[in-house]
Amino acid sequence: MKLSIIMPLALILLSTACRKSASQEAKITASIPVEPLLYDPAQRLGQLFIEVQMEKIFPDGKTFADCTPKGNVDEIMKEYVRMRKEPNFDLKKFVADNFELPYKYSSGFKSDTSQSPEKHIQALWDVLTRKPDSRHRGTLIPLPNPYVVPGGRFGEVYYWDSYFTMLGLQKDGRTDLINNMIDNFAFLIDTIGFIPNGNRTYFLSRSQPPFFAGMVTILAEEKGEEIYAKYLPQLEKEYQFWMKGKAQITADKLSNLHVVRMPDGSFLNRYYDNSATPRAEMYAADVELSHTGKRPSADLYRDLRSACESGWDFSSRWLDDPTKLYTIRTTAIIPVDLNSLLYNLEMTIAKAYRIKNDQVNAQQYEAFALARSKAIQKYCWDAEAGYFVDYDWVKGHPTGVLSLAGMFPLFYKLASPLQAASSALVLTKNFLRPGGLVCTANLNGQQWDAPNGWAPLQWISIQGLRNYDQHKLADEIKARWVKLNVKTYKATGKMVEKYNVEDISLTAGGGEYPVQDGFGWTNGVLRGLLGEKPLKN
């Protein structure tokens with residue numbers, strides 16, 4: 001994490017924490033004292049951080065990144081420098097003496113499987129809710145209002161997870177919590193200019209799939225369309241974050257930050273982390289991976305980080321060779337899901353301006369959306385495959401990887417009826433499994449590939465199909481996914497992060513860490529599906 005990013009954030013947080021709005025609903029409550037410099041473990045702990053991570057004192061690299069120093073960091077470092085010279089220095093004991101382990105949300109929760117899944121999920125909302133942060137602790141960026149965390153190793157809010165969590169909160173009438181979480185995200189946009197991956201200091205170099213507009217829509221459904229106008233400043237500021245650097249793109253410089261100039265002169269977006277160093281939360285894994293290939297380490301690290309911004313960390317979507325993670329090329333890919341999300345953001349901003357009777361700005365954003373929709377059609381529709389795909393802007397052709405990201409154009413009604421019908425056929429042939437939809441058909445050990453299914457992608461696909469009256473397939477996917485979720489809950493008492501949809505007798509696998517339970521977006525999507533009208537026989 002760069003000092004230039006952290007210092008302004010700390011100062012802005014300090015000045016913003018005590019600010020109060022005139023509206024009771026809109027105000028950001030709480031006074032959050034913060035350190036003059038937000039704590040970045042990789043930078044502040046230096047060699048101690050590297051040594052702990054590379055010696056794998058903790059099985060999960062995220063654990064130490066989330067530990068909280070028990071005392072003054074400078075004093076801890078002085079003691080470390082002194083003690084490590086001693087012949088019997090015990091690094092593990094030193095860490096235990098000087099750092100507090102992160103709390104695992106939902107770890108102590110006891111399920112009662114005699115309860116319905118709905119009752120189980122309703123009970124979990126409070127278990128997974130983190131109270132407003134009264135002070136800055138470790139890497140956690142303080143937020144002024146309550147928020148729902150995923151659970152397991154994830155004890156902070158996550159950006160795109162929260163949209164799918166809100167689907168369940170909406171069904172359970174928790175509008176207050178939805179409002180609080182949106183106000184937290186508005187707070188982050190106002191103070192740092194965007195919503196980071198999560199509220200940790202080591203996430204400040206990237207965002208996640210931009211679902212803020214979707215969250216505002218959920219709240220507007222509950223409170224009325226004036227909500228769009230209320231959050232217009234934050235919607236527009238987020239858009240500016242994703243489009244930053246566009247003005248500096250030239251014929252000789254085709255990309256800048258998140259923006260790429262396409263061959264026809266149109267502009268589309270990519271995922272792009274602003275740092276090119278090993279991830280603090282997976283430091284050892286990144287360093288070790290850099291030794292397996294011949295490419296420059298900085299390029300590898302940026303592409304790994306950028307895949308984390310996508311939320312699909314990791315997937316064959318980003319890999320030249322689907323079996324080799326070091327071939328990752330995230331920044332060379334135009335993701336169809338990201339650009340569909342930004343189309344929705346543009347249309348949502350236009351709607352907010354129309355509510356404010358500002359027709360000039362509304363028309364401008366509608367023009368941006370129209371241009372983007374045409375570019376998505378041109379570069380992301382694969383006529384041969386009959387499906388929407390990602391586009392490799394460096395190589396100049398579609399990636400050829402069929403993934404559930406291709407359902408986002410249907411979710412946001414960017415597809416034609418013929419394209420939707422073709423997509424439904426591709427889903428049935430390539431993705432449909434006994435437990436729902438698999439992310440891709442590639443079986444390679446990555447968690448966003450076969451055999452895994454994830455709640456957010458089931459929701460996007462089901463609702464995308466319904467937008468085009470593909471109800472039979474949508475209902476079949478729903479039935480299979482719900483059955484697997486409920487079966488796993490009854491057998492284990494848990495809702496988990498992801499599921500093996502190919503062999504429904506197994507839990508999911510693959511990825512950098514064990515399957516997590518809790519679990520925010522699984523709860524939200526299942527609750528949303530269970531809250532619908534009964535399936536027709």
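Residues numbered from 1 in each chain as written. Predicted model: local features only at pLDDT ≥ 70, side-chain atom pairs only at ≥ 80, totals over all residues. Heavy atoms only, no water.

**A word on the sheet that holds strand β12 (residues 397–398)**
(1) Moving on: Read from one edge to the other, the open sheet built from three strands follows the order β8-β11-β12, with strand pairing classed as antiparallel. Strands at the two margins of the open sheet, each flanked by one partner only, are β8 (333–334) and β12. (Pairing = 2+ DSSP bridges. Helix = DSSP H or I, 4+ residues; strand = E, 2+ residues; numbered from the N terminus.)

**Here we look at the pattern of salt bridges**
(1) Moving on: Applying the stated criterion across every chain yields a total of 36 salt bridges.
(2) Moving on: With a shortest N-O distance of 2.4 Å, Glu156 and Arg200 are connected by a salt bridge. Of the two residues, Glu156 is situated in the loop between β4 (147–148) and α8 (159–171) and Arg200 in the loop between α9 (175–192) and α10 (212–223); the sequence distance between them amounts to 44 residues.
(3) Moving on: Taking relative accessible area as the criterion, Glu156 reaches 0% and is therefore assigned buried.
(4) Moving on: Residue Arg200 is classed as buried on the basis of its relative accessible area of 5%. (Salt bridge = Lys/Arg side-chain N within 4 Å of Asp/Glu carboxyl O. Buried < 20%, exposed > 50% of the residue type's maximum accessible area, 1.4 Å probe, protein only.)

**Details of the packing of α8 against helix α19 (residues 455–466)**
(1) Moving on: α19 packs onto α8 with a crossing angle of 65 degrees between their chain directions and a minimal axis gap of 10 Å. Pair α8 / α19 crosses with left-handed handedness. Taking contact as the criterion, the partners of Trp160, Tyr163, Phe164 and Leu167 in α8 are, on α19, Pro456, Trp459 and Ile460.
(2) Moving on: Here the contact of α8 with α19 is composed, by residue class, of seven nonpolar, no polar and no charged. (Axes fitted to C-alpha atoms, helices over the stretch in contact; angles between N-to-C directions. Left-handed = near helix turned anticlockwise from the far one by under 90°. Contact = heavy atoms within 4.5 Å. Nonpolar A, V, L, I, M, F, W, Y, C, P; charged D, E, K, R; others polar.)

**Some points on the nonpolar core**
(1) Moving on: Formed by 161 residues in total, the largest nonpolar core has its most connected members in Phe164, Phe211, Phe212 and Leu427.
(2) Moving on: Not counting residues up to four positions away in its chain, the partners in contact with Phe211 are Tyr159, Trp160, Tyr163, Phe164, Leu341, Phe408, Tyr412 and Ile460. (Core = buried A, V, L, I, M, F, W, Y, C linked by side-chain atoms within 4.5 Å.)

**Considerations on the packing of aromatic side chains**
(1) Moving on: The final tally for this structure, using the stated rule, is 39 aromatic pairs.
(2) Moving on: Ring geometry for Phe164 versus Trp521: centroids 6.2 Å apart, planes at 80 degrees, classification edge-to-face. Taken together, the residues Phe164 in helix α8 and Trp521 in helix α21 (residues 520–530) connect sequence positions 357 residues apart. Grouping residues by exposure puts Phe164 and Trp521 together as buried.
(3) Moving on: Between the aromatic rings of Tyr353 and Tyr365, the centroid separation amounts to 6.1 Å while the plane-to-plane angle is 20 degrees, which identifies the pairing as stacked. Highlighted residues: Tyr353 in helix α15 (residues 336–355) and Tyr365 in helix α16 (residues 359–380), separated in sequence by twelve residues. In this pair, the class of Tyr353 matches that of Tyr365, namely buried.
(4) Moving on: Through successive ring pairs, a cluster of aromatic residues spans Trp160, Tyr163, Phe164, Phe211, Trp312, Phe408, Trp448, Trp454 and Trp521.
(5) Moving on: Looking at Arg317, its charged tip hangs above the ring of Trp312, at a distance of 4.5 Å from the centre. (Phe/Tyr/Trp six-rings, centres within 6.5 Å; stacked < 30°, edge-to-face > 60°. Lys NZ or Arg CZ within 6 Å of the ring centre and 35° of its normal.)

**Examining helix α7 (residues 117–127)**
(1) Moving on: Buried within α7 are the following residues: Pro117, His120, Ile121, Leu124 and Trp125. Buried residues of α7 fall within an arc of 150 degrees about the axis and therefore sit on the same side.
(2) Moving on: In this structure, the buried residues of α7 make contact with β3 (129–130), β4, α8, α20 (471–492) and α21. (Arc of directions from axis to C-beta.)

**Quick look at the sheet that holds strand β6 (residues 259–261)**
(1) Moving on: Here three strands make up an open sheet; going across it, the order is β5-β6-β7 and the pairing antiparallel. The open sheet has two edge strands with one neighbour each: β5 (255–256) and β7 (267–269).

**Here we look at the confidence of the model for the protein chain**
(1) Moving on: For the protein chain, per-residue confidence averages 91 on the pLDDT scale, and residues scoring 70 or more make up 89% of the total.
(2) Moving on: Here residues 1–8 scores under 50 on pLDDT; set against residues more than four positions off or in separate chains, the count is 20 contacts. (pLDDT = per-residue confidence, 0-100.)

**Topic: unusual backbone geometry**
(1) Moving on: Omega for the bond connecting Asp313 with Phe314 falls within 30 degrees of zero, at 5 degrees, which places this linkage in the cis form.
(2) Moving on: Residue placement: Phe314 occurs in the loop between α14 (297–310) and β8.
(3) Moving on: In this structure, the amide linkage connecting Ala450 to the following residue, Pro451, adopts the cis form with an omega of 10 degrees.
(4) Moving on: Relative to the helices and strands, Pro451 resides in the loop between β14 (436–437) and β15 (452–454).
(5) Moving on: Here the phi dihedral of Leu257 falls at roughly 55 degrees; this positive angle occurs in a residue that is not glycine.
(6) Moving on: Its location among the elements puts Leu257 in the loop between β5 and β6.
(7) Moving on: Its identity is not glycine, yet Lys413 carries a phi of approximately 60 degrees, on the positive side.
(8) Moving on: In this fold, Lys413 is placed in the loop between α17 (408–411) and α18 (417–430).

**Structural notes on α16**
(1) Moving on: In a regular helix each residue adds 1.5 Å, so 22 residues correspond to 32 Å; α16 covers 30 Å between its end C-alpha atoms and thus fits that length.
(2) Moving on: For α16, the complete set of buried residues consists of Ala362, Tyr365, Ala369, Arg372, Ser373, Ala375, Ile376, Tyr379 and Cys380. End-on, the buried residues of α16 take up no more than an arc of 165 degrees, which puts them together on one face. Residues of α16 that are exposed and angled more than 90 degrees away from the buried face: Val360, Lys374 and Lys378.
(3) Moving on: The distance from a side-chain oxygen at the start of α16 to the backbone nitrogen of Val360 is 3.4 Å, and the residue carrying that oxygen is Asp358. (Expected span 1.5 Å × (residues − 1). Polar contact = N/O pair within 3.5 Å; in protein donor to acceptor, adjacent residues only side chain to side chain.)

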